[in-house]
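# Observations on the model geometry
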Amino acid sequence: MTAPISTLLHTPVRIGALDLKNRIVMAPLTRCRSDEAAGDVPGKAMNVEYYRQRSTAGLIISEGTQVCPAGKGYMATPGIYSDAQVEGWRKITDAVHAAGSKILAQIWHVGRISHPDINGGHEPIAPSPIAPGIAAYSANGRVDCPVPRALDEAGIAAVVEEFRRAAINARAAGFDGVEIHGANGYLVDQFLRDGANQRTDRYGGSAENRCRFALEVVDACIAAIGADRVGIRLSPVSGVNGIADSAPQVVFGHLVEELDAREIAFIHFVEGNTGGERNLSGFDFAAARRRFRGAYIANNGYTRESAIAAIESHAADAVAFGRSFIANPDLVERLRLGAPLATPDPKTFYAFGPEGYTDYPTL
Ligand code: 8OZ
């Protein structure tokens with residue numbers, strides 16, 4: 001253990017409308033522990049306890065939260081479209097606020113990364129009828145994600161409206177704002193990247209056209225709750241969930257300029273392959289940092305040392321930690337002390353019960 005030193009990681013920062021007590025962000029983490037039988041409702045006692053335990057973070061970003069039933073791709077993930085879900089989330093946001101932290105809802109539509117056996121019988125939707133070539137996990141085991149139905153313009157408008165409702169519901173549930181899930185091969189990312197979007201209308205082709213859906217979602221959220229409470233997560237070079245693009249710099253470079261013009265609160269960048277190696281080639285993250293006037297939240301494989309370096313060099317305003325927060329509810333204190341970090345057990349990442357969820361000890 002190194003001696004505790006005060007670093008910029010533990011200093012306050014303002015991101016949009018939010019005053020954060022430190023620059024340590026809990027990344028969105030799918031944990032599959034909502035009440036599925038009740039209608040994908042969060043707010044069980046263990047859900048409240050899980051988030052409360054981690055409220056020393058300056059900012060918590062919730063697990064991916066579907067904006068509608070068809071937007072669900074994994075078992076027991078929560079939604080934010082029903083009254084019961086809003087009430088459930090309220091228990092969690094109250095606990096987090098009582099502990100002095102802030103919390104955003106990560107609002108999510110999985111698009112083609114789903115199956116009717118998981119999402120209540122809906123045909124998965126996407127920009128183009130291209131299967132992702134991956135399996136989803138249903139109650140009956142692995143199922144291949146089918147060829148999705150391509151959205152028509154009315155269908156696109158309906159999904160944008162679902163995101164708008166989700167942002168309104170997020171505020172009603174006590175969230176401080178939203179993070180639009182634009183990363184990791186889900187619906188927004190499917191529109192952005194040409195491996196999944198081969199449309200010939202105004203939502204496909206040029207970078208401008210492929211950014212249109214993402215920006216319509218952003219604009220709908222801004223109209224609903226204000227730009228200073230809206231952020232987006234992007235993973236320009238990640239290949240998870242069967243996603244790919246022939247020229248990420250072109251499409252994501254354009255998107256960053258458009259997001260800057262809208263003055264949203266932050267962009268949360270997954271640097272490299274999500275949950276994997278930090279190979280940044282294909283997109284100039286430092287240039288995006290310079291081009292975007294809102295906050296830059298950095299993510300993917302950060303250690304105490306690299307996080308401190310990112311803040312001190314102004315490469316980022318805050319750093320999001322995912323897996324480390326699973327096994328270290330007191331991650332903020334451990335990072336302050338330079339204490340060793342516990343290792344999370346992947347077997348309980350999506351295991352439905354309290355084991356591997358609320359039972360990781362503090363120092
Ligand atoms: C891991 C397992 C299930 C979902 C993502 C929402 O990749 C996820 C996710 C990650 O963004």
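Look above for the structure.
Attention here is on the structure that accompanies the text. Quick caveat, the model's predicted, so the values are computed rather than measured.

Reading the values: rules and limits
- Residues numbered from 1 in each chain as written.
- Predicted model: local features only at pLDDT ≥ 70, side-chain atom pairs only at ≥ 80, totals over all residues.
- Heavy atoms only, no water.
- Helix = DSSP H or I, 4+ residues; strand = E, 2+ residues; numbered from the N terminus.
- Rg over C-alpha atoms; globule rule 2.2 N^0.38 Å.
- Contact = heavy atoms within 4.5 Å.
- Areas by Shrake-Rupley, 256 points an atom, 1.4 Å probe, with all protein chains shown as cover.
- Lys, Arg positive; Asp, Glu negative; His and termini not counted.
- Charge placed at Lys NZ, Arg CZ, Asp CG, Glu CD.
- Polar contact = N/O pair within 3.5 Å; in protein donor to acceptor, adjacent residues only side chain to side chain.
- Core = buried A, V, L, I, M, F, W, Y, C linked by side-chain atoms within 4.5 Å.
- Buried < 20%, exposed > 50% of the residue type's maximum accessible area, 1.4 Å probe, protein only.
- Pairing = 2+ DSSP bridges.
- Axes fitted to C-alpha atoms, helices over the stretch in contact; angles between N-to-C directions.
- 1 Å grid on protein atoms, 1.4 Å probe; cavity = no way out; pocket = protein on both sides within 12 Å on 5 of 7 lines; lining within 4 Å.
- Points joined across faces, edges and corners; volume = space filled by probe spheres on them.
- Nonpolar A, V, L, I, M, F, W, Y, C, P; charged D, E, K, R; others polar.
- Near = heavy atom within 4 Å.

Along its length, the protein chain carries 11 helices and 14 strands. For a compact globule of 363 residues, the expected C-alpha radius of gyration is about 21 Å, and the protein chain comes in at 19 Å, within 12% of that figure. In terms of its C-alpha atoms, the protein chain occupies a principal-axis envelope of roughly 60 × 45 × 35 Å. Relative to all contacts within the protein chain whose residues are 6 or more apart in sequence, the contacts with residues 24 or more apart total 73%. Per element, the accessible surface of the protein chain, about 13,300 Å² overall, is 53% carbon and sulfur. Charge-centre separation for the protein chain: the mean point of 36 positive side chains lies 4 Å from the mean point of 41 negative side chains.

A few words now on the side chain of N328. One can find N328 in the loop between α10 (323-327) and α11 (331-337). Among the polar contacts made by the side chain of N328, one reaches the main-chain carbonyl oxygen of S324 at a distance of 2.9 Å. Among the polar contacts listed, one links the side chain of N328 to the side chain of R334, at a separation of 3.1 Å. Setting aside chain neighbours within four positions, we find N328 in contact with R334, L341 and A342.

Of all hydrophobic cores here, the largest spans 85 residues; its most connected members are I107, I180, F213 and L259. Element by element, the count of residues in this core is highest for helix α6 (residues 212-225), at eight residues. Residues in contact with L259, not counting those within four places in the same chain, are L215, V218, I232, L234, I264, I267 and F292. In terms of nonpolar packing, the next biggest core, distinct from the first, is built from 16 residues, V13, I15, L18 and A295 among them.

Sheet architecture is closed into a barrel: eight strands sit in the order β3-β4-β5-β10-β11-β12-β13-β14, paired in parallel fashion. On average, adjacent strands in this sheet sit at an angle of 25° to one another, irrespective of strand direction. Strand direction decides the pairing type here: strand β3 (residues 24-26) and strand β14 (residues 318-321), joined by three bridges, are parallel. Along β14, the bridge assignment pairs I24 with V319. Relative to the sheet, helix α7 (residues 248-262) contacts β11 (230-234) and β12 (266-270), its axis offset from that of β11 by approximately 170°.

By volume, the largest pocket is sized at about 940 Å³. In terms of lining, the largest pocket is formed by 35 residues, of which the most central are P28, L29, T30, T274 and Y350. If you list the elements that add at least two residues to the lining of the largest pocket, you get β4 (59-66), β5 (102-108), β14 and α10. In terms of residues, the lining of the largest pocket owes the most to one element, α10, which gives three residues. When the residues that make up the lining of the largest pocket are grouped by side-chain class, the tally is 18 nonpolar, 13 polar and four charged.

What follows deals with the site of the ligand. Surveying the vicinity of the ligand reveals the residues T30, Y74, W108, H181, N184, Y186 and Y350. At 2.8 Å from an oxygen atom of the ligand is found a side-chain nitrogen or oxygen belonging to H181. Interatomic distance of 2.7 Å between a side-chain N/O atom of N184 and an oxygen atom of the ligand. Taken by itself the ligand offers 290 Å² of open surface, and the protein chains cover 77% of this.

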